[in-house]
Amino acid sequence: MAIRVLTAPKLSVRMTATVQNTLDDGRATTVAHPLLNYAPSLSNGIGPNQANRGWQSTNRPLANGANETLDLYDFAGVDLGAGAGLDGVGQAVVHEEIVAIAIVNENAIGAAGQLEIRPGPGNGWSPIGIHTVANGGALRGQGFLMKVQPADDGFDVTDAANHLIRFTSNGGALTYSIYLLARHDDDESSSSTSSSLSSSSWSSTSSSSSSTSSISASSSSGSQTSSSSQSSSSSSTSSSSSESSSSSISTSTSSLSPSSWSSQSVSSSESSSVSSSSWSS
């Protein structure tokens, strides 16, 4: 029987800035606000601070006004390269809890096309919430949304009850990406040999024994924030004082590697890494 695990999963978010107030005489005071370093220690498994499944799909296109609904439980109908409903190493997808989910509107900043995110019709996945143009929560170009729940229960996913998420393009065409760390509660490490990768499943794949995935977003001066693509800097002046701030948000990523993605390797184990959390400016 094949063994499927996550090797050294990682999740980190860093948000830093230095606020400086300079008086007319040149004296200055500074403070490190914000100073966020969020990096829970993760390992393979199904308990607290653990995950044993990783999945991603990048640059999914949506025409203006179009929508699609994804099934977080088993991604029925979604083909990453090995077949519908299979993950990056050709194994059947079953997600019973979400540890982390991140979504990015890949359009450039200023481009038309806002990404609306909400529970799907019927059996919607309620933990994602509703983010639309109407309520101001849609993601513009380079907008980034993430939710993390490393606790023992995670965000629950129930097949045929609480598992659908809908994406809609509003105001223009766009592409978006989605990344997950998840748990399969009933199957911590084994995977069915019936869904094992075969030589005929994929072409141009490598025989390496691991694949990695991570999530990244970067936001520097004038770039994106969670739940919106806008960033802001403010300065105010008063008699004899001025204030300036510089900020940066950084995270790092590599990509999960199904064979349908360029020059990536496929394997029987996954290593995932997520960077970011659900936050907004």
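Cut-off values and rules
Residues numbered from 1 in each chain as written. Predicted model: local features only at pLDDT ≥ 70, side-chain atom pairs only at ≥ 80, totals over all residues. Heavy atoms only, no water. Helix = DSSP H or I, 4+ residues; strand = E, 2+ residues; numbered from the N terminus. Buried < 20%, exposed > 50% of the residue type's maximum accessible area, 1.4 Å probe, protein only. Polar contact = N/O pair within 3.5 Å; in protein donor to acceptor, adjacent residues only side chain to side chain. Contact = heavy atoms within 4.5 Å. Core = buried A, V, L, I, M, F, W, Y, C linked by side-chain atoms within 4.5 Å. Phe/Tyr/Trp six-rings, centres within 6.5 Å; stacked < 30°, edge-to-face > 60°. Pairing = 2+ DSSP bridges. Axes fitted to C-alpha atoms, helices over the stretch in contact; angles between N-to-C directions. pLDDT = per-residue confidence, 0-100. Salt bridge = Lys/Arg side-chain N within 4 Å of Asp/Glu carboxyl O.

**Regarding the side chain of Ser169**
Within the secondary structure, Ser169 sits in strand E13 (residues 164-170). On the basis of relative accessible area, Ser169 is assigned to the buried category, the value being 2%. From its side chain, Ser169 meets the backbone oxygen of Gly172 in a polar contact 2.2 Å long. When sequence neighbours within four positions are dropped, the list of residues in contact with Ser169 reads Leu62, Ala63, Asn64, Gly65, Ala66, Gln114 and Leu174.

**Re the nonpolar core**
Counting 28 residues, the largest nonpolar core has Ile103 and Phe167 as its most contacted members. Elements with a minimum of two residues in this core: strand E7 (53-62), strand E9 (97-105), strand E10 (114-119), E13 and strand E14 (174-183). It is E14 that provides the largest number of residues to this core, a total of 5 residues. Those residues within four positions of Phe167 in sequence are excluded, and the remaining contacts are Leu62, Ala66, Asn67, Glu68, Leu70, Ile103, Leu115, Glu116, Ile117, Tyr176 and Ile178. Core analysis: the second largest hydrophobic core is formed by 13 residues, Leu6, Ala51, Val99 and Val148 among them.

**Re the packing of aromatic side chains**
Under the criterion given, the structure shown has 3 aromatic pairs. Consider the rings of Trp125 and Phe155, whose centres lie 6.1 Å apart with planes at 90 degrees: the pair is edge-to-face. Note that Trp125 is positioned in the loop between E10 and strand E11 (144-148) and Phe155 in strand E12 (residues 155-156), a separation of 30 residues in sequence. The same class applies to Trp125 and to Phe155, which are both buried. Taking the centre distance of 4.4 Å and the plane angle of 25 degrees together, the rings of Phe167 and Tyr176 count as stacked. Taking the relative accessible area as the measure of exposure, Phe167 reaches 0% and is therefore buried.

**Some details on the sheet that holds strand E8 (residues 67-71)**
Reading across the sheet, the 3 strands line up as E8-E13-E10 and stay open at both edges, with antiparallel pairing between neighbours. Of all the strands in the sheet, just E8 and E10 have a single pairing partner and so form its edges. Taking the axes of each pair of neighbouring strands and ignoring which way they run, one obtains an average angle of 20 degrees across the sheet. The pairing of E8 with E13 spans 5 bridges and is classified as antiparallel. Residue pairing for E13: Asp71 is matched across the bridge by Leu164.

**So, the confidence of the model for the protein**
As a general rule, the predicted coordinates of low-pLDDT regions are not to be interpreted in detail. Of all residues in the protein, 65% have pLDDT values of 70 or greater, and the mean over the chain is 77. Note on residues 189-281: pLDDT under 50 across the span, and 265 contacts to partners over four residues away in sequence or across chains.

**Description of the pairing of E11**
Among the 5 residues of E11, 4 are classified as buried, and the element is accordingly described as predominantly covered. Here 5 bridges tie E9 to E11, and the two strands are oriented antiparallel to one another. From the neighbouring strand, Ile101 faces E11, where its bridge partner is Lys147.

**Considering unusual backbone geometry**
Put simply, His33 and Pro34 share a cis peptide bond, and its omega is -5 degrees. Within the element layout of this structure, Pro34 appears in strand E4 (residues 28-38). Residues other than glycine seldom take positive phi values, yet Phe75 does so here, at roughly 45 degrees. For Phe75, the location among the structural elements is in the loop between E8 and E9. Judged by relative accessible area, Phe75 falls into the buried class, the value being 1%.

**Points about the pattern of salt bridges**
A full pass over the atoms with the stated rule returns 5 salt bridges. Of the charged contacts in the structure, one is a salt bridge between Glu68 and Arg60, with a shortest N-O distance of 2.8 Å. For the residue pair Glu68 and Arg60, the accessibility class agrees, reading buried in each case.

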